[in-house]
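Fold and contact review
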Amino acid sequence: QLVESGGGLVQAGGSLRLSCAASGRTFSSYAMGWFRQAPGKEREFVAAISWSGAYTEYGDSVKGRFTISRDNAKNTVYLQMNSLKAEDTAVYYCAGGPVVAVIPGRYDSWGQGTQVTVSS
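What comes next is a walk through the structure. Quantities reported herein were computed from a predicted structural model and do not represent experimental measurements.

Reading the values: the criteria
- Throughout, a residue's number is its position along its own chain's written sequence, starting from 1.
- Confidence filtering applies because this is a predicted model: local features only for residues at pLDDT of at least 70, side-chain atom pairs given and counted only at 80 or more, and all residues used for totals across whole chains, interfaces and linings.
- The side-chain quantities take in all heavy atoms of the structure and omit both hydrogens and water.
- Partly exposed residues are those whose accessible area sits between 20% and 50% of the maximum for their type, while under 20% is buried and over 50% is exposed, using a 1.4 Å probe and protein chains only.
- Under the DSSP-based scheme used, a helix requires at least four consecutive residues in state H or I and a strand at least two consecutive residues in state E, with every element numbered from the N terminus.
- Strands pair, by our definition, only if DSSP identifies at least two bridges between them.
- Any Lys or Arg side-chain nitrogen found within 4 Å of a carboxyl oxygen on Asp or Glu counts as a salt bridge.

1. Concerning the pairing of strand 9 (residues 90–97)
The two faces of a sheet get side chains in turn, since along a regular strand they alternate between them. Among the eight residues of strand 9, seven are classified as buried, and the element is accordingly described as predominantly covered. Of the pairings in the sheet, the one linking strand 4 (residues 31–37) to strand 9 comprises seven bridges and is antiparallel in character. Residue pairing in the sheet places F35 in a bridge with Y93 of strand 9. Across three bridges, strand 9 lies against strand 11 (residues 114–119) in antiparallel orientation. Along strand 11, the bridge assignment pairs V91 with Q115. Two strands pair when backbone bridges link them, and strand 9 and strand 10 (residues 109–110) are joined in this way by two bridges, in the antiparallel orientation.

2. Here's the deal with the pattern of salt bridges
Pairs can form between side chains of opposite charge once their charged atoms are near each other. A complete count under the given rule lists four salt bridges for this structure. Notably, a salt bridge pairs D88 with R36, separated by 2.8 Å at the nearest N-O pair. Of this pair, D88 sits in the loop between strand 8 (76–81) and strand 9 while R36 sits in strand 4; the two residues are 52 residues apart in sequence, bridging distant segments of the chain. By relative accessible area, R36 is classed as buried at 5%. The partner of D88 in a salt bridge is R65, and the shortest N-O contact between them spans 2.7 Å. Taken together, the residues D88 in the loop between strand 8 and strand 9 and R65 in the loop between strand 6 (56–58) and strand 7 (66–71) connect sequence positions 23 residues apart. In this structure D88 comes out as buried when scored by relative accessible area, which is 0%. According to the relative accessible area criterion, R65 is buried, its value standing at 11%.

Here it is in structure tokens:
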């Protein structure tokens with residue numbers, strides 16, 4: 001089970017940190033990803049991190065602004081979001097899977113999502 005938290009309303013240029021707490025599985029063995037979905041749009045890859053944290057990957061639209069990290073001792077993955085823009089507004093989902101991937105179908109566990117709204 002994956003549970004996201006940390007979403008909310010923030011002004012453009014501000015920051016938020018999302019958290020995703022995992023339970024019921026061997027968290028440290030799995031790659032974790034963040035995706036987002038805005039109304040009327042497809043789910044978009046945001047960032048992913050390998051099981052060890054040694055490898056990360058980012059979507060082009062968030063490179064240099066967002067940072068993914070994980071704490072395997074706490075079974076938690078984070079998404080630090082800086083310099084937020086109105087176009088970052090979406091529901092953000094965390095996901096777990098066997099390998100780092102940019103395709104949603106490669107992940108087999110999903111959280112319920114947390115809303116991020118950036119006002120311009």
